[in-house]
Each structure stands twice: as C-alpha cells, then as structure tokens.
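# Reading the structure
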Amino acid sequence: ERRGRGVVVSRVGQDDLGRQILDELRGHGMATDYVQTDPDKATGKVYVDPTGGEDGGPSYDIVGDVAWDWLQFDPDLESLARQCQAVAFGSLAQRGAQSRNAILRFVETARQAIRLFDVNLRQSFYDLRTITRSCEHATVVKLNAGELETLAELLNLSHSDEDDQEALIELRARALLKRFKLKLVAVTRGQAGTMLVTPDTVIRGEAVIYPSVENADAVGAGDACSAGLLVGLLSRWPLPRVVELANHMGAYVASQPGATPKLPEEILAMVARG
C-alpha cells in the first residue's frame, strides 16, 4: 500500500449519476473497488442551498432511500477494515438500518485504526442510539460547536451557567471525551478555527482565512478539516501542527465553490514536509 492512500466506501446506483461518480473518483486517481453498485436504488442526491442554514452556512435537502442507504458489509469490506490505519464515518450515513449495521460492523472490525466519528446532524437523520453507539466505537469525535451543544443536551453531558462560549465549548468537549473514553475531540468553530481537546491538553488552532472567490461556499469544509486531522494524526505530528493543517484545509475549501476543489501547493507542501 502506498503512503496516504485514501479509499471511498459507498454505494451508488446503476445509473448515469453513479457512473459519473465512479469516473470522478478515477479521475482523481482514487480506487473504486469499495464503491458498491445497487441494481434497484438510485444514486444519492443532496440539494444544497449554500447560505440557507440558520447560521448563514449551507442547508441541505437529502433525498431518502437511495443506494448508499443499502451499503453491505461484505468480505471485501471486512478485509479493508482489518488492514486500514484510519476510518472516518458519520452519523448521516447511518440513517438507514442496513448502512448503519454495515458501518458499525466495519468500525468494530477496524480495532487497529484511528476511528474518527464525524457528527453530521442533518434534517431528522439522527437519534440518541446512533450517536451513542458511534461515540462508543470512536477514538476521535469531530463536530462543530452547534452539534456539540445538541450532543450535550441529548447525552446530558453537563450543566453549566458558564457565559464564556470558549470555556463552555471546552467544558462540553471534556465531558464528551470523558464519557466515551476518547483520545481526542475536535470542535470546529467556523472562522475562529478548530479546538482540539485531549485528556491532557487543549489546543486552540489559529484562525485561517483565504480570500473567497466568486460563488464560494462552505460545503465540504468540515470534511476537509477531518482529512487534515487524519493526515496529521497518522503522521504522528504534534497536535498544534495537526490543527494547523486541518484549519488550512477547511478554510481553503470554504473559500472555493464546491466540496472538492484542488488544494493549492502551499497546503500540499505542509503535508510534504513529513
């Protein structure tokens, strides 16, 4: 396996959109071996309003009962789970019972890996049981400040009259860390940057701003941040360097249109330093 190989695990329909996704992945030099095809369900779609969210960020209308809701945990996925060094999994992909069971079996099998649970509370596609089981299987939880507030209420994490938002975020993150015996909680705070909380320390990454181009949107910025976290953690970097990369990746993607813009050389150079 070459260094830094990323693998997409998903399921698409046998339709034009599914074929387009496979072509896009191949065009980026990524393997499609673990993207299943479904003979009955259509490829998933998400309708995004880049500024329709309550905080001025994106809002999402996510079509239900599509191919990725029917992911199967087959021998290929079991083999991948046993050899991978890190896996990122989210709550949204677990809205359907079959995909939820496949994902949880994968992370249960990947005991040797960093297991990053990316909390994504979209529409009504989450519940207490899914959140709890995912946190129990994770070593790292990544979420934004609003999602952390929701989890604090759902899980009855802490009660505080703390008015300082920074202190409140840290308090809630520490409670989440302790409840599930996590190694790391990463809280994204928009333009303020990402906070990393471990049992021993708190790292507040410096805010990073890239000039926004026309039609820029924040879609994909959270996933870019997750990718930066995993690259840094797998490379065993000091946490300040990990959060620096994560912040640069998230901020750059937020400055561009679309979820997967090509990263600039200055960010790639941050990784290449080794």
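Being a predicted model, the structure only gives us computed values, none of them experimental. (Residues numbered from 1 in each chain as written. Predicted model: local features only at pLDDT ≥ 70, side-chain atom pairs only at ≥ 80, totals over all residues. Heavy atoms only, no water.)

## Section: helix α4 (residues 128-137)
Put simply, the rule reads: For each residue, the accessible area found with a 1.4 Å probe, counting protein chains only, is set against the maximum for its type, and the residue is called buried under 20%, exposed over 50%, and partly exposed in between. Each helix is a run of H or I in the DSSP string that is no shorter than four residues. Each strand is a run of E no shorter than two, and both are numbered from the N terminus. Whether two residues touch is decided by their heavy atoms; if any such pair falls within 4.5 Å, the residues are in contact. Under the rule applied, a polar contact is a pair of N or O atoms within 3.5 Å (in protein, one hydrogen donor and one hydrogen acceptor; residues adjacent in sequence only if both atoms are side-chain atoms).
Of all the residues in α4, the buried ones are T130, I131, T132, S134, C135 and H137. Tucked into the core, α4 has its buried residues touching β5 (86-90), α3 (97-109), β6 (114-118), β7 (140-144), α5 (145-154) and α6 (165-179). Of the residues that open α4, the one with a side-chain oxygen 3.2 Å from the backbone nitrogen of R129 is D127.

## Digging into the packing of aromatic side chains
Note the cut-off: Geometry of aromatic contacts follows a simple scheme: Phe, Tyr and Trp rings, the Trp one being its six-membered ring, pair when their centres are within 6.5 Å, and the pair is stacked under 30 degrees between planes, edge-to-face over 60, tilted otherwise.
Taken as a whole and assessed by the stated rule, the structure comprises two aromatic pairs. Between F89 and F117, the aromatic rings sit 5.3 Å apart at their centres with planes inclined by 25 degrees, giving stacked as the arrangement. In this pair, F89 sits in strand β5 while F117 sits in strand β6, placing the two residues 28 residues apart along the sequence. With relative accessibility at 5%, the residue F89 sits in the buried group. Given the relative accessible area of 0%, F117 is considered buried.

## Observations concerning the state of the cysteines
Rules: Any two cysteine sulfur atoms lying within 2.5 Å of each other are counted as a disulfide.
In this structure the tally under the stated criterion is zero disulfides. Distance from the sulfur of C225, which forms no disulfide, to the nearest cysteine sulfur (C135) is 17 Å. Since its relative accessible area comes to 3%, C225 is described here as buried.

## Remarks on the sheet that holds strand β8 (residues 184-188)
As a reminder, the rule being used: DSSP calls a pair of strands paired once it identifies at least 2 bridges connecting them. Axis definition: a line fitted to C-alpha atoms, limited for helices to the stretch in contact. Angles are taken between N-to-C directions and run from 0 to 180 degrees.
Reading across the sheet, the six strands line up as β5-β6-β7-β8-β9-β10 and stay open at both edges, with mixed pairing between neighbours. With one partner strand each, in any of the chains shown, β5 and β10 (202-204) form the two edges of the open sheet. Going across the sheet, the axis of each strand differs from the next one's by a mean of 15 degrees, ignoring polarity. Sheet analysis places β5 next to β6, joined by five bridges and oriented parallel. Residue A88 lies in a different strand from β6, and its bridge partner there is L116.

## Section: the packing of α5 against α6
Defined as follows: Geometric relationships in this document are graded by angle, where less than 35 degrees denotes roughly parallel, more than 145 denotes roughly antiparallel, 65 to 115 denotes roughly perpendicular, and other angles denote oblique. Definitions for this section: a left-handed crossing has its near helix turned counterclockwise from the far helix by less than a right angle. A right-handed crossing has that turn clockwise.
Two numbers describe how α5 lies on α6: the axes approach to 10 Å, and their chain directions differ by 55 degrees. Put simply, α5 runs oblique to α6. In the crossing of α5 with α6, the sense of the turn from one axis to the other is left-handed. Only I169, R172, A173 and L176 of α6 make contact with α5, whose side of the interface consists of A145, L148, E149, L151 and A152.

## Considerations on a nonpolar patch on the surface
Heads up, the rule is: To count toward a patch, a residue needs a relative accessible area over 30% and no salt bridge; like charges are then connected within 9 Å, while nonpolar side chains (Val, Leu, Ile, Met, Phe, Trp, Tyr) are connected within 5 Å. Here the open area of atoms and residues is found with the Shrake-Rupley method and a 1.4 Å probe, where only the protein chains shown may cover a residue. We define a salt bridge as a contact between a side-chain nitrogen of Lys or Arg and a carboxyl oxygen of Asp or Glu at a distance within 4 Å.
Together, Y126, L128 and L154 make up an exposed nonpolar region whose accessible area comes to about 230 Å². Tracing the backbone shows L128 in helix α4.

## Quick notes on the pairing of strand β2 (residues 35-38)
Put simply, the test is: Crossovers are described as right-handed under a simple rule: with the strands pointing away from the observer, the path leading from the first strand over the helix to the second runs clockwise.
Sheet analysis places strand β1 (residues 10-13) next to β2, joined by four bridges and oriented parallel. Looking across to β2, one finds that S10 is bridged to V35. Running through helix α1 (residues 16-27), the crossover from β1 to the neighbouring parallel element β2 is right-handed.

## Things to note about the pattern of salt bridges
Opposite charge on two side chains allows them to pair when their charged atoms are near. Per the counting criterion, the structure on display carries 11 salt bridges. Between E166 and R189 there is a salt bridge, and its shortest N-O distance comes to 2.6 Å. Separated by 23 residues along the polypeptide, E166 in helix α6 and R189 in the loop between β8 and β9 (194-197) bring together distant segments of the chain. Of the residues examined, E166 reaches a relative accessible area of 28% and is grouped as partly exposed. Residues participating in the shared-partner salt-bridge network are E166, E170, R174, R189 and R204.

## Digging into the environment of K45
Looking at where K45 falls in the secondary structure, it is placed in the loop between β2 and β3 (46-49). Residue K45 is classed as partly exposed on the basis of its relative accessible area of 42%. For the pair K45 and V66, spaced 21 residues apart in sequence, the C-alpha to C-alpha distance is 8.1 Å. Setting aside chain neighbours within four positions, we find K45 in contact with L17, D61, I62 and V63.

## Here's the deal with helix α8 (residues 239-254)
The condition that has to hold: In a helix, the anticipated span is given by 1.5 Å times the number of residues less one.
Counted at 1.5 Å a residue, the expected span for α8 with its 16 residues is 22 Å, and the 22 Å between its end C-alpha atoms agrees. The buried fraction of α8 is high, at 13 of 16 residues.

## Things to note about a negative patch on the surface
Inclusion rule: When charges are counted, Lys and Arg are positive and Asp and Glu negative, with His and the chain ends excluded. For the purpose of locating charges, the reference atoms are NZ of Lys, CZ of Arg, CG of Asp and CD of Glu.
A grouping of D161, E162, D163 and D164 is seen on the molecular surface, where their side chains present a negatively charged patch. Mapped onto the elements of the fold, E162 is located in the loop between α5 and α6.

## Concerning unusual backbone geometry
At N156, a position not held by glycine, the phi torsion is positive, near 55 degrees. By the element assignment, N156 lies in the loop between α5 and α6. A positive phi is found at N215, a non-glycine position, where the angle reads about 65 degrees. As for its position among the elements, N215 is in the loop between β10 and α7 (221-234).

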